[in-house]
Amino acid sequence: MRGVLSDRMGAALLMAPLLVFLALAYAWPFLGVVKWSFTLPTPGLGQYQALLTDDLVQSVFIRTLRIAAIVTLVSVTAAYAITVVWVRGTPAQRLIAEFCILVPFWISVLTRAFGWVALLSNRGLINTWLQSIGFISEPLALVRNEFGVVVGMTHFLIPFAVFPLASAMRSLDERVLLAARGLGSSRMRTFWEVFVPMTRSGIIGAAMIVFVFSLGFFVTPAILGGGRSVMIAELIYLRIFQSPDWGLGAAISVVLVLFVSALMAILFRYVKPKQLV
Amino acid sequence: MQQPGRAAEIKAIGIGKSFGSFRALDNLTLDIGRGEFLTLLGPSGSGKTTFLMILAGFVQPTEGRLFSDGTDITDRPAEQRAAGMVFQGYALFPHMSVEQNIAFPLKVRKKSAAEIKRRVGEMIERVGLVGHAKKLPSQLSGGQQQRVALARALVFEPGVLLLDEPFSALDKSLRGQMQAEMKRLHQETGTTFVFVTHDQSEALALSSRVAIFNHGKLLQVGAPDEVYDRPDNRFVAEFLGEINMLPLKGVQPADNGSMGLCEDRAVNMRCKAEKVRGDAILAIRPEHMSIAREAAVGENGIAATAIASTYLGAATKLDLTTREGSRVTVSVPNEVAAAALSKGNSVWLTWPAEKGFLLPDGGQ
C-alpha cells in the first residue's frame, strides 16, 4: 500500500513541471481568449451569435471537418499498412519501414510543405514529368487547393498514426492468429476478421489523434492551400492579426477547443492513454 | 485430418526440426492410431510442443514426412489441414462472443446459417455453456474459456484434436473436472486426441498411450502402465514418478527373468536382462516396496535404516538409507512407519520380483 502511494506521489512530482508549464503558458492565457470572446467588441454573446450566422465561418468549419475526415481516412489506412510491415515484416522490411516513419520527424513542417509545393506546383516535378512523357498537355491542379492540403497533411500525420497502431499490433496474442488459421481461415480472412478487429483500439486511437491534429493545422494548409482552402486555424489567425476582429477570432478558438475536448473525452472512454504510445 | 467426422490416423517418419543450431526435434518416428488419446510428455524444451506445432502445420519440419490417413501432408498449410487445436491460454477471439467463436470454423467452411446455428447450439450444450452464448471471452472464467476453446476446436469435427497444455492455467480442482470432461469428449467424438503436457500424473490419467520426450528425442511410447512399470531408461523412470534406484552387480539371465547382487544379497527380477549385463540399476517404485522384520530366504530384500518420515494422511512416506548408503523412499501404512522409526534400528525392505526392473548403469 505504501509502495503504491509513494509511486503515485513520485509520478505526481515528476509530472508537476509540465502541469505548471501548461497552466501558466496555456491555460491562463486561454482564459484571456475566453474573456475576449465574451467582451470584444461589446460585452455579450454577440460573437457566438455571429458564428452561427456568418457564412464564411461556417464554410471554413465545414471545410476543416471535411479535410480532417479525408486526411484521417487516408493517413490511418496508409499508416496501418506501414505498421503491419514495421511490426510483422522481415528484419529488412522493418528497417525500411522504421526509416520511412522516423525520417519525416527530423524535417520541419515548413520545409516539408515547401517540398510538396516543389513537387506539386504547375511547374513542379510531377507536372513537368507528366507533360514531358506526353501524358497530360495542361498542368494538373495539384496544389493551392484542397488536394494539396490533404497530401501535405497526410504526409505529416502518418507517423503519428503509426504509434498507436504499432502498440495495438504488438500487444496482440500471436496464438489467436494461429488459432484462426488452424481452424481453416485463410490468411486474408484471418487479417480482416481477426487481426483488424483485434487492433480496433489502435485504429480508434490513431484516427482520433490524426483528426484532432488535423483540426488545428495551420502551416501546411496556409502554404499548400494558397489562401484558397482556408482551414479553421488560419481563419483565427486572419481574424486576430489581419482584421481587427479579436472577439470573433476568440469565439472560434473557444468553440474549437470545446469541440476537441469533447472528442478527447469520447476517445478516452474507448481507449486507455497507455494504448496510444 | 481431411474427412470431417472421421478420426485421423497419423504417421510421422523421421521428423526433425532445427532452429538455427538448436535441435528442437530429432528423427522422430511415431504412429498415432485412429481415435487414440496420445499424450506427448516431457519437460519444457523437450520437443513435445514443436512436434504438436508440426502436426498442426504451424511449424515446418526440417526433415521427415508426415502422413494423415496415408496422404503426405508435410507441405500442406495449417488452414488446409484443419486440425482442431486448443492453445495454452485458449487463444479465443476476444472481439467475438462465445457463439461467434464457436461458429468461426463453420463460417470459414461456408456452412449454411441454419446448420451453423444448429451445430453451435449443440456444441454449447455439450460443453455446458448454455446461457453464456452471448458473452465475450473476457466475461468468462478460466474453466469456461477452456470449454469455449474445446467447443470451437471440435465443432467442425476435425480428424484430430491437438491440445497444447490446455490446463496449465487452471487451479487444481478445476483441472480434475476439465480432465474428466475431456475424457468424456474424447469418448463421445471418437476423434484422435494429441495432448501435450509436462504433468506426468495428467498424462497417466488421461491417455491411451504416452510418448515421453527429452532433449528433442522421443524416448519411449507406450500405454501408461507400460511406461510407468517398465520404463526403457532412467529419464523415463524418473520423469513418470518417484523411483528408488539401487546399484546391482553381476546381472545375468535366470529362470523366469534375471538375477543379480544387491548389496551382497541375491535378488530376482521378472524382467529379462536383454540390454543390461554385469552392472546395472535396479529401479523400484516407492509404493511397491514394503517394510519387514526379516526377509525370507529367496525373497527380495535389503537391510536399511529409517531416518525420516512425512505424514501424507492416507499413508506415510518413509525415507531410509541402506547399508551401502543408497537413499530409498517407500510409501507405507502410517502405523508401519511409526513402528519402523521408533525402533530406530535396522528394518528390511522387500519387494516382489515383478515390481523391480533393470535400467542400464549410468547416464540415460
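Residues numbered from 1 in each chain as written. Chains lettered and ligands numbered in written order. Predicted model: local features only at pLDDT ≥ 70, side-chain atom pairs only at ≥ 80, totals over all residues. Heavy atoms only, no water.

(A) Highlighting the overall build of chain A. Secondary structure assignment for chain A yields 13 helices and zero strands. Taken from the N to the C terminus, the helices and strands of chain A come in the order α-α-α-α-α-α-α-α-α-α-α-α-α. Oriented by its inertia axes, the alpha-carbon framework of chain A measures out at about 75 × 70 × 30 Å. The burial tally for chain A puts 40% of its 277 residues in the buried class. A separation threshold of at least 6 residues defines the contact pool for chain A, and within that pool the share at least 24 residues apart is 71%. (Helix = DSSP H or I, 4+ residues; strand = E, 2+ residues; numbered from the N terminus. Buried < 20%, exposed > 50% of the residue type's maximum accessible area, 1.4 Å probe, protein only. Contact = heavy atoms within 4.5 Å.)

(B) Layout of the overall build of chain B. Tallying secondary structure elements over chain B gives 10 helices and 20 strands in all. By residue count, 52% of the 364 residues in chain B fall in the buried class. For chain B, restricting intrachain contacts to residue pairs at least 6 apart in sequence, the fraction spanning at least 24 positions comes to 67%. Carbon and sulfur atoms make up 49% of the accessible area of chain B, which amounts to about 15700 Å² in all. Of the side-chain charges in chain B, 42 are positive and 40 negative, and the distance between the mean point of each set is 6 Å. (Areas by Shrake-Rupley, 256 points an atom, 1.4 Å probe, with all protein chains shown as cover. Lys, Arg positive; Asp, Glu negative; His and termini not counted. Charge placed at Lys NZ, Arg CZ, Asp CG, Glu CD.)

(C) Highlighting the domain arrangement of chain B. Residues and elements named next belong to chain B. When its domains are assigned, chain B resolves into domain 1 (10–234) and domain 2 (242–360). Using C-alpha coordinates to define each centre, domain 1 is positioned 39 Å away from domain 2. Note on domain 1 versus domain 2: buried area summed over both sides is about 700 Å², and carbon and sulfur give 54% of it. Our count for the contact surface shared by domain 1 and domain 2 stands at zero salt bridges. (Domains from an automatic or database assignment. Buried area = accessible area lost by both parts, 1.4 Å probe. Salt bridge = Lys/Arg side-chain N within 4 Å of Asp/Glu carboxyl O.)

(D) Layout of the pairing of strand S11 (residues 244–254) of chain B. All names here are of chain B. The pairing of S11 with strand S14 (residues 278–284) spans six bridges and is antiparallel. Bridged to Asn244 within S14 is Ile284. As paired elements, S11 and strand S12 (residues 257–262) share four bridges and run antiparallel to each other. Residue pairing for S12: Lys249 is matched across the bridge by Leu261. (Pairing = 2+ DSSP bridges.)

(E) Broad picture of the environment of Asp225 of chain B. Residues and elements named next belong to chain B. Note that Asp225 resides in helix H8 (residues 224–229). Judged by relative accessible area, which is 51%, Asp225 ranks as exposed. Separated by 116 residues in the primary sequence, Asp225 and Leu341 have C-alpha atoms spaced 32 Å apart.

(F) Fine view of the domain arrangement of chain A. All names here are of chain A. On domain assignment, one finds that chain A holds domain 1 (1–39) and domain 2 (49–276). Using only C-alpha atoms to locate each centre, domain 1 and domain 2 end up separated by 28 Å. On the domain 2 side, the residues contacting the six residues of domain 1 number eight residues. Of the roughly 530 Å² buried between domain 1 and domain 2 on both sides combined, carbon and sulfur atoms contribute 89%. Of all residues in domain 1, Phe30, Trp36 and Ser37 bury the most surface against domain 2, accounting for 74% of the area lost on that side.

(G) Quick look at a nonpolar patch on the surface. A grouping of Leu18, Phe21, Leu22 and Tyr26 of chain A is seen on the molecular surface, where their side chains present a nonpolar patch of about 440 Å² in accessible area. Among the secondary structure elements, Tyr26 of chain A is positioned in helix H1 (residues 2–39). (Patch = residues over 30% accessible without salt bridge, like charges linked within 9 Å, V, L, I, M, F, W, Y side chains within 5 Å.)

(H) Molecular detail of the sheet that holds strand S10 (residues 217–222) of chain B. Residues and elements named next belong to chain B. With mixed pairing, the six strands of this open sheet are ordered in space as S6-S7-S8-S3-S9-S10. Of all the strands in the sheet, the pair left with one neighbour each is strand S6 (84–86) and S10. Strand after strand, the sheet turns through a mean of 15 degrees between neighbouring axes, direction not considered. Sheet analysis places strand S7 (residues 160–164) next to strand S8 (residues 192–197), joined by five bridges and oriented parallel. Considered in S8, the bridge of Asp164 is made with Val196. Docked against the sheet, helix H1 (residues 48–56) engages strand S3 (37–41), S6, S7, S8 and strand S9 (209–214), running at close to 145 degrees with respect to S7. Sheet strands in contact with helix H6 (residues 172–189) are S3, S7 and S8, and its direction is about 160 degrees off that of S8. (Axes fitted to C-alpha atoms, helices over the stretch in contact; angles between N-to-C directions.)

(I) Spatial organisation of the sheet that holds strand S4 (residues 63–68) of chain B. Residues and elements named next belong to chain B. Read from one edge of the open sheet, four strands run S2-S1-S4-S5, paired in antiparallel fashion. The open sheet terminates on both sides in strands that have one partner only, identified here as strand S2 (22–32) and strand S5 (71–72). On the sheet, H1 packs against strand S1 (10–19), S2 and S4 and is oriented at approximately 60 degrees with respect to S2.

(J) Seen up close, the packing of aromatic side chains. All names here are of chain A. Taken as a whole and assessed by the stated rule, the structure comprises 22 aromatic pairs over all chains. Note on Phe105 and Phe163: the rings are 6.2 Å apart at their centroids and 35 degrees apart in plane angle, and the pair reads as tilted. Within this pair, whereas Phe105 is found in the loop between helix H4 (91–102) and helix H5 (109–120), its partner Phe163 is found in helix H7 (residues 146–170), the two being separated by 58 residues in sequence. By relative accessible area, Phe163 is classed as partly exposed at 29%. Taken together, Trp86, Phe105, Phe156, Phe160, Phe163, Phe213 and Phe217 form an aromatic cluster joined through their ring pairs. (Phe/Tyr/Trp six-rings, centres within 6.5 Å; stacked < 30°, edge-to-face > 60°.)

(K) Quick peek at the interface of chain A and chain B. Facing the 17 residues of chain A at the interface are 23 residues of chain B. Here chain A meets chain B over a buried area of about 1700 Å², counting both sides, of which 66% is carbon and sulfur. Linking chain A with chain B are two salt bridges, by the criterion used here. Where chain A touches chain B, the interface holds four residue pairs in polar contact (both at pLDDT 80 or more). Breaking the side of chain A that touches chain B down by element, the ones donating at least two residues are helix H8 (174–182) and helix H9 (187–198) of chain A. (Polar contact = N/O pair within 3.5 Å; in protein donor to acceptor, adjacent residues only side chain to side chain.)

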